[in-house]
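Secondary and tertiary structure notes
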Amino acid sequence: MSTARTTPKRAVFVFPSFGRGGAELQALQLARGLRERGWRVAIATLSEENPLAERAAAAGFRLAVVPAGLELPKRSPRFWLAFARGVWRLAALLRRERATVVQSFLVWSDPVALLAGLLAGTPVSATCRLQLPGSLPQGAAYRILPYLLAPLTDRVMANAVAVERAVLAREPLSEPRLHVIPNALPDGFRDLSGVVPAALPPQLADASPLVLAVGNLRAVKRHDLLVEACADILPRFPKLALVLVGEDRGERRRLESLARRRGLAERLHFAGDCADVRPWLRRADLLAHPSDAEGLPNAVLEAMAAALPVVATRVGGVPELLEHGRTGWLVPKGNRAAIARALAHLVERPALRAKLGGAARERALSGEFTVARLALRHERMYASALRRSRRRFAP
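Our subject in this report is the structure included herewith. (Residues numbered from 1 in each chain as written. Predicted model: local features only at pLDDT ≥ 70, side-chain atom pairs only at ≥ 80, totals over all residues. Heavy atoms only, no water.)

1. Things to note about the overall build of the chain
What the chain contains, in helices and strands, is 14 helices and 13 strands. Taking 21 Å as the expected radius of gyration for a compact globule of 395 residues, we find that the chain reaches 22 Å, a close match to that expectation. If you line up the chain on its principal axes, its C-alpha atoms span 75 × 55 × 40 Å. The buried share of the chain, taken over its 395 residues, is 55%. Partitioning the intrachain contacts of the chain with sequence separation of at least 6 by distance along the chain shows that 72% fall at a separation of at least 24. For the chain, the accessible area works out to roughly 17,800 Å², and carbon and sulfur atoms hold 52% of it. (Helix = DSSP H or I, 4+ residues; strand = E, 2+ residues; numbered from the N terminus. Rg over C-alpha atoms; globule rule 2.2 N^0.38 Å. Buried < 20%, exposed > 50% of the residue type's maximum accessible area, 1.4 Å probe, protein only. Contact = heavy atoms within 4.5 Å. Areas by Shrake-Rupley, 256 points an atom, 1.4 Å probe, with all protein chains shown as cover.)

Below, the structure written as structure tokens:
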């Protein structure tokens, strides 16, 4: 009888903090999918601030808090002491969990996760690239880090082909270490028939059309261009309303000022951070996504599932989701006039909106974007690294 041991299916996911972002939501889906495939998954966060902690707990994943001083000035001795302690504590967690895989999901947590994986002897250390470089920090440290960490990185997951190409062009990684794994559509977005549409403020009760944008208010998302474009076409469509869903990351006051100057203030609503965007998807007539840089945006995929026509910039992985004129409407990035023309074109053509929305929903509900497929692809990525790992699992 064989006495060979099978490698335990145990992974630890690492985040700088477990905030309200697409990476965290995708990680929860991946953790659930891996659990269904027999994996034990733990989630470690390097900060005490974790807005999605309750959501993770509700899904059956308790966060392990491992402070690493990421909020401290990087030139401070306190930072380096806290960083070293964080690496040591995370390595101890990896050993306690008997992890075969440690996976960092954001660049801020990569150094801690990779060094801890080395210290703990974790067989596979993986990172993620979920955005194009334009949406990431541009300081010298962040340009140097990939070169310093590449020898410690067994696998890198990119969520779009465009992201994979950017990584190959900018980082010292060989193609076999890169795996393209698209995001998964949450199960709750597959049937929205029972979702009650969101209620609008009284001044927007007559909204027609309602243009929706979903994404945290950050400069790279270019909500300013969308405000300008909607103001440009407001004289033609005086009942138009624009709703922005997302947490303010320093842009709201600027957008409010811009809307006042352009005469859109009364037709603009900030919905803030929403735990569930489905009611807004049910209420909207179309989604606009004018970002300057993207990976594979969850907001676009979720709108497609809701059969909403989407106007989006041709950046990153967006063209991998939307085919212009068939499942969506693509415009050049940074082009306010093109956004305005596209919005007006679709507002005036309800039949075209319905056609685009129907085709988009069919694409989103295809087997490519399921949680099961997300988990299977990750498991295969881990297995390919395990076969080549020089670090043997120690029970």
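2. Things to note about the pairing of strand 9 (residues 241–245)
Most of strand 9 is tucked away: five of the five residues are buried. Taking every second residue as pointing to the same face, both faces of strand 9 are buried, with Ala241, Val243 and Val245 on one and Leu242 and Leu244 on the other. Taken together, the five bridges between strand 8 (residues 210–214) and strand 9 define a ladder with parallel strand orientation. Looking at strand 9, one finds that leucine 212 is bridged to valine 243. For the crossover that starts at strand 8, traverses helix 7 (residues 223–233) and ends in the parallel strand 9, the hand is right-handed. Two strands pair when backbone bridges link them, and strand 9 and strand 10 (residues 268–272) are joined in this way by four bridges, in the parallel orientation. The residue bridging leucine 242 from the neighbouring strand is leucine 268, located in strand 10. Between the parallel pair strand 9 and strand 10, the chain is carried across by helix 8 (residues 252–261), and the sense of this crossover is right-handed. (Pairing = 2+ DSSP bridges. Right-handed = clockwise from strand over helix to strand, strands pointing away.)

3. Here's the deal with the pattern of salt bridges
A full pass over the atoms with the stated rule returns 25 salt bridges. Across the pair arginine 236 and glutamate 348 runs a salt bridge whose closest N-O atoms are separated by 2.5 Å. Here arginine 236 is found in the loop between helix 7 and strand 9, whereas its partner glutamate 348 is found in the loop between helix 12 (336–347) and helix 13 (350–364), with 112 residues between them in sequence. What makes glutamate 348 partly exposed here is its relative accessible area of 42%. Salt bridges linked by common partners bring Arg222, Asp224, Glu251, Arg254 and Asp292 together as one network. (Salt bridge = Lys/Arg side-chain N within 4 Å of Asp/Glu carboxyl O.)

4. Description of the sheet that holds strand 11 (residues 286–289)
An order of 10-9-8-11-12-13 is seen for the six strands of this open sheet, with the pairing classed as parallel. Each having just a single partner strand, strand 10 and strand 13 (329–331) make up the two edges of the open sheet. On average, each strand axis in the sheet is tilted by 20° relative to the strand beside it, whichever way the strands run. Examined bridge by bridge, strand 11 and strand 12 (residues 310–313) share three bridges and lie parallel to one another. Directly across from histidine 289, in strand 12, lies its bridge partner alanine 312. (Axes fitted to C-alpha atoms, helices over the stretch in contact; angles between N-to-C directions.)

5. Considerations on the environment of arginine 254
Topologically, arginine 254 is positioned in helix 8. We classify arginine 254 as partly exposed; its relative accessible area is 41%. A sequence separation of 58 residues divides arginine 254 from valine 196, and the C-alpha atoms of the two residues are 32 Å apart.

6. Considerations on the packing of helix 7 against helix 12
Helix 12 packs onto helix 7 with a crossing angle of 55° between their chain directions and a minimal axis gap of 8 Å. By the angle between their axes, helix 7 is oblique relative to helix 12. Along this stretch, helix 7 crosses helix 12, giving a crossing that reads as right-handed. Together, Leu225, Leu226, Glu228, Ala229, Cys230, Asp232 and Ile233 of helix 7 and Arg336, Ile339, Ala340, Leu343 and Ala344 of helix 12 make up the contact between the two elements. (Parallel < 35°, antiparallel > 145°, perpendicular 65-115°, else oblique. Left-handed = near helix turned anticlockwise from the far one by under 90°.)

7. Description of helix 14 (residues 371–388)
In this model, helix 14 (18 residues) spans 27 Å end to end at C-alpha, consistent with the 26 Å of a helix rising 1.5 Å per residue. Regarding helix 14, the residues found buried are Val371, Leu374, Ala375, His378, Glu379, Met381, Tyr382, Ser384 and Ala385. Of the surrounding secondary structure, the elements contacted by the buried residues of helix 14 are strand 1 (10–15), helix 1 (22–36), strand 4 (101–104), strand 5 (124–129), strand 6 (155–158) and strand 7 (178–180). (Expected span 1.5 Å × (residues − 1).)

8. Some details on the sheet that holds strand 5
With parallel pairing, the seven strands of this open sheet are ordered in space as 3-2-1-4-5-6-7. The sheet terminates laterally at strand 3 (63–65) and strand 7, the two strands that pair on one side only. Adjacent strand axes in the sheet meet at a mean angle of 25°, parallel and antiparallel pairs treated alike. Helix 1 contacts strand 1 and strand 2 (40–45) of the sheet and is inclined by roughly 175° relative to strand 1. Contacts between helix 14 and the sheet are confined to strand 1, strand 4, strand 5, strand 6 and strand 7, with strand 6 contributing the most and set at about 160° to the helix.

9. Points about unusual backbone geometry
With an omega of 5°, the peptide bond between serine 208 and proline 209 qualifies as cis. Here proline 209 lies in the loop between strand 7 and strand 8. Phi is positive for arginine 222, close to 55°, though the residue is something other than glycine. Looking at the element boundaries, arginine 222 is found in the loop between strand 8 and helix 7. Within the chain, alanine 307 stands out as a residue other than glycine whose phi angle is a positive 65°.

10. Observations regarding the environment of arginine 260
Counting through the fold element by element, arginine 260 comes out in helix 8. In this structure arginine 260 comes out as exposed when scored by relative accessible area, which is 54%. Each C-alpha atom of the pair arginine 260 and arginine 353 lies 29 Å from the other, and the pair is 93 residues apart in sequence.

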